[in-house]
Amino acid sequence: FPLVGLYGPAWLTGALHHPWALYLVIALFCVLMVSEIPFFSLKIRSLAFKPNVLRYLLVVLTLLSIPVLHWGAVAFACALYIVLCVAKHWVFPD
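Residues numbered from 1 in each chain as written. Predicted model: local features only at pLDDT ≥ 70, side-chain atom pairs only at ≥ 80, totals over all residues. Heavy atoms only, no water.

Peer 1: Looking at this structure, how should I read the overall build of the protein?
Peer 2: A count of helical and extended segments in the protein gives 5 helices and 0 strands. Each helix and strand of the protein, ordered N terminal to C terminal, gives the series α-α-α-α-α. Its C-alpha atoms put the protein at 40 × 30 × 20 Å along the principal axes. Across the 94 residues that make up the protein, the buried fraction comes to 26%. (Helix = DSSP H or I, 4+ residues; strand = E, 2+ residues; numbered from the N terminus. Buried < 20%, exposed > 50% of the residue type's maximum accessible area, 1.4 Å probe, protein only.)

Peer 1: Just checking my understanding: could you explain the state of the cysteines for this structure?
Peer 2: As used here, a disulfide is simply a covalent bond connecting the sulfur atoms of two cysteines. Here the structure, examined in full by the defined rule, presents 0 disulfides. Cys 30 takes part in no disulfide bond, and the closest cysteine sulfur to it belongs to Cys 78, at a distance of 16 Å. What makes Cys 30 partly exposed here is its relative accessible area of 41%. (Disulfide = S-S within 2.5 Å.)

Peer 1: Got a minute to help me understand the nonpolar core in this structure?
Peer 2: It is characteristic of soluble globular proteins that their nonpolar side chains tend to be buried jointly. Residues Phe 40, Leu 58, Leu 80, Tyr 81, Leu 84 and Cys 85 constitute the largest nonpolar core, which totals 6 residues. If one sorts the elements of this core by residue count, helix 5 (residues 72-91) sits on top with 4 residues. Residues contacting Phe 40, with those up to four places away along its chain left out, are Leu 54, Arg 55, Tyr 81, Leu 84, Cys 85 and Lys 88. Counting 5 residues, the second-largest nonpolar core is a separate cluster that includes Val 4, Leu 12, Leu 16 and Leu 69. (Core = buried A, V, L, I, M, F, W, Y, C linked by side-chain atoms within 4.5 Å. Contact = heavy atoms within 4.5 Å.)

Peer 1: Explanation requested: the side chain of Asn 52 in the structure shown.
Peer 2: The residue Asn 52 is located in the loop between helix 3 (19-34) and helix 4 (53-69) in this model. Residue Asn 52 is classed as buried on the basis of its relative accessible area, which comes to 3%. A polar side-chain atom of Asn 52 sits 3.0 Å from the main-chain carbonyl oxygen of Ala 48. (Polar contact = N/O pair within 3.5 Å; in protein donor to acceptor, adjacent residues only side chain to side chain.)

In C-alpha cells form, the structure reads like this:
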C-alpha cells in the first residue's frame with residue numbers, strides 16, 4: 001500500500017486510503033489467514049499449457065496491468081492470485 005500511495009494512480013490511491021477500504025482489506029486478510037483454501041504453487045514443473053493455465057493467466061494479466069496501474073499492479077497481482085485460487089477450488093475442482 002505505501003508504494004501504491006506514492007507512485008500509483010490518483011484514483012487508486014484515494015480508494016485505498018479510504019478508512020472503510022482499509023477495514024475491508026484487514027477483514028479480508030484475517031479471513032484468508034484462517035481459511036483452508038488451498039493455494040496453488042507458482043512453481044512451473046513443465047512448460048505444457050494445460051497444467052499451468054492458471055499460472056500463465058496470472059503472469060499475463062499481471063504484465064498487462066503494469067502499464068495501467070504502475071505500482072498498483074502489485075496489489076492487483078495479489079488480489080488476482082487469491083481470486084484464481086478460490087476459482088480453482090470452488091469453480092474448477094480437480
